[in-house]
Each structure stands twice: as C-alpha cells, then as structure tokens.
Amino acid sequence: MAAASVVPTAYQQGTTAAVPDWLNKGDNAWQMVSAALVGMQGMPGLVILYAGLVKRKWVVNSAFMALYAFAAVMPCWILWAYKMSFGNQLLPFWGKAGLAASQDFLVLQAFLPATKYKNITPAIQPLYPMAVVVFFQYAFAAVTVVLLAGSVLGRMSIKAWVMFVPLWITFSYSVVAFSIWGGGFLFQWGIMDYAGGYVVHLASGAAGFTAAYWVGPRLKEDQEEFQPNNLPLALAGAGILWMGWTGFNGGDPFAANVDSSLAVLNTHICATTSLLVWICWDVVFKKPSVYGAIQGMITGLVCITPAAGLVQGWAALVMGIASGSIPWYTMTCLSNKLQVLQKVDDTLGVLHTHAVAGILGGALTGLFAHPSLSSMFLAVPNSKGAFYGSGGGMQFLKQLLGACFVIGWNVVVTSIILHVIKVITPLRMTEEELKIGDAAVHGEEAYATAGQGQRERPTYNNGNNGAVEMSGPLV
C-alpha cells in the first residue's frame, strides 16, 4: 500500500506567504484567465483582424501599429498610469501618478476603488493579490488604444503613432477610467459601466474619429478601393475577439460568482442576435457579407458590455436587436448623408462599431439595469434602470450625460496631443509611403508573390553542355 502524501498543515489552512488566508484560488484562477482572454483580444485578435481587413499593401503596417500599441501600454501602466486610473484621487476626475511595480504593492490583497469612500460599501471583495488586478486592467487599457488604431490605419506616421500611444493612455484613458471605474466623480454620481462600454469603446471610438480628422484621409485610391485582403484571416481574428469577450465581461465582477456567469451568457446572447440582425438588414437592402457579419458581431459585443451583468437575458436579446440595427443604419446609410461622416476617413468604421454601439449600450443600461443584479456588482446604492420604478429615469439621463463627458474629453485631449506631436513630426506618411505601403514604410511585405522567397539550387555542367541541378539544401 502506497504511503499517503503529507501536506503541511499551514499550507492547508492557507497561512503561508504564497498562499495567504485571504486567497481564494478559484477567484484568482478565473481572474487570471479572464485577463489572459482580454489580452488575447488585442494580441493576436485585433492584430490579425486588422491584417485581414485592410488592403494588401497595408497588412504589415496595420498589424505593426496594433502590436506596438499593445506592448507600449505596459511600461506606462506600471510606472504611472495604473495609479492615475485607480489610485488615490488627485482631482475629481484623475488619480495621483505612482508606481504599481513594487512587491509591497503587488502581493497585497486587492481592493476596489469604492473602499476609499467611507459612505460606500463595495459589493465585492477581491480575494487575490493586486498583481492580478494590475494585469487585468492593463489588458483593458491596451485593447482600448489598439481599437483606436482602427480609425487611422493606412496613413498615420509610425513615428507619430509611437508618441501618441503613451500620451493618450496618460492624459485620456486614465482620466475616463478614474472618473467611472476608479472612484471619480462619475462613479460617485452613479454612472453604470459594467465592463467598459464607455471607458473602452466610447472612448476609443470618439478618440479614433478625432484622430482620423486631424491625420487626414487615406489616398483617394485607397478610399475607393479598400477590399479586405484576407477574409479567412479576418474571421480568425474576429473569432478570438468574440471568445475573448468571455473574459472581458465575465471577469468584471472580480470573482467567479453568479454575476460573472450571467455576464458571460448575456454577452453571447447579444452578440449572436446582433450578428443575425445585421445579416438580415444586409439581405434585405444589399448583399450579405462576411465583413458585415463581423461588424454586427462587434456592435453586439460592444453594446452589451456596459450592461452584461446588470440586465436579464431578455434585455440582452433586445439590446442585440438594437445593436444590429442602429449602428448598421449609421454605417451604411447615415454615413452617406452626413457631411461630417463623409469628410472624416474612419478606416474601419470605429465610430460606428464602438462609439455608436457604446452610447447605445450605456443608454439601454439606464433602461434595463435590474436593481437586484446591480446590487451584486455596483457599490453605488439604488442603481436601477428606468423600467424598474421611480428614480430609474434619472439613471437614463445620467448615462447620457456620462457619455457626453467621455466624448468631450476625448475629442479635446486627442486633438491637443496630436497638435503637440505635429510640432515634432508629421502625423501622416509621405506621399511615396502612402502610394507604396508596407515595402516603403517597413521594408517588409506580408505575402511573397510568385518566385519571391525562393532560393535557387546550385548547378554544375555535366560535360554534355547541360546544366544539372544539384541535390541538397537550397542556397
């Protein structure tokens, strides 16, 4: 008979430094998996989605911009931006900058911003270390700026983009994140944003559209003919983005609990409904397309994000119908009628898929948020939608005013950042780079044409005036 393994009593009771008594391994594992899923939405999800959706000559450049942004956020995040977003208050809309990289901070039990306010009791107590929260929130920040890139693909200078990312994370993202999630004035006022409909999607849509205006349009030939170069690749990226949203919304209760389960289910209810509704509109008024299906999927995911764990399943279904219809109308119909939408060249339509869908989701949260579900997540008391008794109408108005702040801040700050960068380096590529694309900008091309990338075998003369190819490795 084999001897039974001996486990130290202290480890069983959770009293070691590596396994403190406050650590819940299930919550810790789920939160780390959720963070990884969110990170995968950016790398590789959006990297290969962009590479598949753009014109062939911009595959490398588009993927590079997304890859750089995903990496560049991390040092900013741990050196100053995390605490600007979630630290102690400096201003009602901004936290104090500080390091989030020391052992003394990262191994402590995590806390939510609401614990900083005496009159607000948090609904959830995280049972894992701060390191998990820092990584989880980094993934959101990184994905946000990668989404923004979708508006300026095909013409923004790499040098300008390299400078833009850390400046935007510092002066734009951190302000909106602190105001709504970090305990700032919108948080205390009761704005509902479950997982980033405003902080991530509305912010990236508004900032991306603003950046597209200042950077200027693509070449006329690129605007008129910009067919996706690889739809199967785009579908792979879209699939990673979609499944990654399980962690995007499912990780936001900060625990593996009932609310996280509901959030995951609602996410996929809304996404599937939105995709199908978008396809239906395409069938009725034009031709159904893979590109349109991807857009419908994204608008559904964005729309449910501010409400995922706060609404019932039927509400997620209704939100999917709305997100498959209203952004479809703004993208396919309204964009051809409004002069401002015709003037600004938003490469991948981030305004429609993220800003419009984000506002829609935030507004519908103000209608459908169920008080019982809100109490499982929100620290602010009496949070409920307009459909659930008196006071709910005020919540709907708050949601709209919160959206106005996010839009206004991003338009102003993004404009200032780009004008500062413009003094140092041009925002646009040169005319030669715009015409040639990846080969001129990076010295690389995504696909080898016939004959490229092949090396010849050496030959010798067989004495009969015939050249014979030698066997062996290519040279």
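Since the structure is predicted, the reported quantities are computational estimates derived from the model, not experimental observations.

Caption draft 1: Layout of the packing of aromatic side chains. Across all of its chains, the model carries 25 aromatic pairs by this definition. With a centroid separation of 5.9 Å and 85 degrees between ring planes, the pair formed by Phe 140 and Trp 181 is classed as edge-to-face. Of this pair, Phe 140 sits in helix H5 (residues 130-149) while Trp 181 sits in the loop between helix H6 (158-180) and helix H7 (185-189), and the two are 41 residues apart along the sequence. In textbook terms, an aromatic cluster arises when at least three aromatic residues are bridged by ring pairs, as seen for Trp 77, Tyr 82, Phe 86, Phe 105, Trp 168 and Tyr 173. Just above the ring of Phe 105 sits the side chain of Lys 83; from NZ or CZ to the centre is 4.5 Å. Looking at Arg 218, its charged tip hangs above the ring of Phe 226, at a distance of 4.4 Å from the centre.

Caption draft 2: Quick look at the packing of helix H13 (residues 313-323) against helix H16 (residues 350-368). As a packed pair, H13 and H16 sit with axes 11 Å apart at the nearest point and diverge in direction by 150 degrees. Taken together, the axis directions place H13 and H16 in an arrangement best described as roughly antiparallel. When you trace H13 past H16, the crossing you get is right-handed. Judged by residue contacts, Trp 314, Ala 315, Val 318, Met 319, Ala 322 and Ser 323 of H13 engage Leu 360, Gly 361, Leu 364 and Phe 368 from H16.

Caption draft 3: Here's a closer look at the environment of Ile 304. Within the element layout of this structure, Ile 304 appears in helix H12 (residues 290-304). Overall, Ile 304 belongs to the buried group, its relative accessible area being 0%. Taking the C-alpha atoms as reference points, Ile 304 and Cys 270, separated by 34 residues in sequence, lie 6.4 Å from one another. Non-local contacts of Ile 304, meaning those with residues more than four positions away in its chain, are made with Asn 249, Asn 266, Thr 267, Cys 270, Val 311, Ala 316 and Met 319.

Caption draft 4: Spotlight on the state of the cysteines. All told, the structure shown has 0 disulfides when counted by the stated rule. Here Cys 270 is not cross-linked by a disulfide; its sulfur's nearest cysteine counterpart is in Cys 303, at 4.9 Å. Relative accessible area serves as the criterion here: at 0%, Cys 270 is assigned to the buried category.

Caption draft 5: Structural context of the pattern of salt bridges. Per the stated rule, a full pass over the model turns up 5 salt bridges. Between Glu 221 and Lys 57 there is a salt bridge, with its nearest N and O atoms 3.9 Å apart. You can see Glu 221 sitting in helix H9 (residues 220-224) and its partner Lys 57 sitting in the loop between helix H2 (25-53) and helix H3 (59-86), a full 164 residues away along the chain. For Glu 221, a relative accessible area of 45% translates into the label partly exposed. Residues Asp 345 and Arg 218 are paired through a salt bridge, measuring 2.7 Å at the closest nitrogen-oxygen approach. Highlighted residues: Asp 345 in the loop between helix H15 (339-343) and H16 and Arg 218 in the loop between helix H8 (197-215) and H9, separated in sequence by 127 residues. Among the residues examined, Asp 345 registers a relative accessible area of 6% and is labelled buried. Among the residues examined, Arg 218 registers a relative accessible area of 9% and is labelled buried.

Reading the values: rules and limits
Residues numbered from 1 in each chain as written. Predicted model: local features only at pLDDT ≥ 70, side-chain atom pairs only at ≥ 80, totals over all residues. Heavy atoms only, no water. Phe/Tyr/Trp six-rings, centres within 6.5 Å; stacked < 30°, edge-to-face > 60°. Helix = DSSP H or I, 4+ residues; strand = E, 2+ residues; numbered from the N terminus. Lys NZ or Arg CZ within 6 Å of the ring centre and 35° of its normal. Axes fitted to C-alpha atoms, helices over the stretch in contact; angles between N-to-C directions. Parallel < 35°, antiparallel > 145°, perpendicular 65-115°, else oblique. Left-handed = near helix turned anticlockwise from the far one by under 90°. Contact = heavy atoms within 4.5 Å. Buried < 20%, exposed > 50% of the residue type's maximum accessible area, 1.4 Å probe, protein only. Disulfide = S-S within 2.5 Å. Salt bridge = Lys/Arg side-chain N within 4 Å of Asp/Glu carboxyl O.

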